[in-house]
Amino acid sequence: VAQDVTEAAQHDRAVAAMARELRQLVDTANAPIFGIDVNGNVNEWNNKTAEITGFSKEEAFDKPLVSTFIVPNLRESVQDILDNALNGIESSNYELEFRTKSNEIRYLLVNATTRRDAENNIVGVVGVAQDVTEAAKHDRAVAAMANELRQLVDTANAPIFGID
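The structure reproduced in this document is the subject of the present report.

Parameters and conventions
Residues numbered from 1 in each chain as written. Predicted model: local features only at pLDDT ≥ 70, side-chain atom pairs only at ≥ 80, totals over all residues. Heavy atoms only, no water. Helix = DSSP H or I, 4+ residues; strand = E, 2+ residues; numbered from the N terminus. Contact = heavy atoms within 4.5 Å. Pairing = 2+ DSSP bridges. Axes fitted to C-alpha atoms, helices over the stretch in contact; angles between N-to-C directions. Buried < 20%, exposed > 50% of the residue type's maximum accessible area, 1.4 Å probe, protein only. Polar contact = N/O pair within 3.5 Å; in protein donor to acceptor, adjacent residues only side chain to side chain.

**Some points on the environment of N41**
- With respect to the secondary-structure elements, N41 resides in the loop between β1 (33–37) and β2 (42–45).
- Residues N41 and L65 lie 24 residues apart in sequence; the distance between their C-alpha atoms is 5.7 Å.
- Beyond its immediate stretch of four places on either side in the chain, N41 contacts G35, I36, D62, K63 and P64.

**What about the sheet that holds β2?**
- Spatially, β2-β1-β5-β4-β3 is the arrangement adopted by the 5 strands of the open sheet, whose pairing is antiparallel. Of all strands in the sheet, those with a lone pairing partner are β2 and β3 (91–99), marking the two edges. For this sheet, the mean inter-axis angle between neighbouring strands, taken without regard to orientation, is 30°.
- Taken together, the 9 bridges between strand β4 (residues 105–116) and strand β5 (residues 122–131) define a ladder with antiparallel strand orientation. Each bridged residue has a counterpart across the sheet, and for T114 the counterpart in β5 is V125.
- Running at roughly 130° to β5, helix α5 (residues 75–86) makes contact with β1, β3, β4 and β5 of the sheet.

**Considering the pairing of β1**
- Within β1, 5 of the 5 residues are buried, leaving the element largely enclosed by the surrounding structure.
- Taking every second residue as pointing to the same face, both faces of β1 are buried, with I33, G35 and D37 on one and F34 and I36 on the other.
- Remark: 4 residues form the turn of the hairpin made by β1 and β2, two consecutive strands paired antiparallel; G40 in that turn has positive phi of roughly 85°.

**A look at unusual backbone geometry**
- In the Ramachandran plot, N93 falls in the positive-phi region, its phi being about 55° despite a non-glycine side chain.
- When its relative accessible area of 54% is taken as the criterion, N93 is described as exposed.
- Positive phi, close to 70°, is recorded for N120, a residue that is not glycine.
- Tracing the sequence through the fold places N120 in the loop between β4 and β5.

**Quick notes on the environment of R116**
- Mapped onto the secondary structure, R116 falls in strand β4.
- Through-space distance from the C-alpha of R116 to that of V126 is 10.0 Å; in sequence the pair is 10 residues apart.
- Not counting chain neighbours up to four residues away, the residues in contact with R116 comprise G88, N121, I122 and V123.
- Among the polar contacts listed, one links the side chain of R116 to the backbone oxygen of N120, at a separation of 3.2 Å.

So, in structure tokens, the structure goes:
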């Protein structure tokens, strides 16, 4: 008894091609994309994330995301966001601070999306981010300058007044 599997083989090839395209899209995206499994260990780390952090995909994979890459003072809040996403409650536009291999801080604006398998079971979280480091540094510099000017005005030995 023979069975024609041509259609099934074509479908399998089409699915494999789509998977390769999606993998290439994630790997070469101009945005940092990273993910964790249900245990919080890194299982997705695209080229942009590697570029920004200095950690290669191989160095990051299977490491606990929060304790390895997130600055200590934000670990609890980031863990809460990830735990929520692991329970199907997604978050968008939260800022986190990634520690790089060279011990610098990169500010990322992240959307945390629940990752599901073909049976709709939650299998992890994927984060798609925007590197906002330069904007964050600029905002902090402006705030520091404003504080210095305020202090200068408050402690001046001569009257300071404004005219409109």
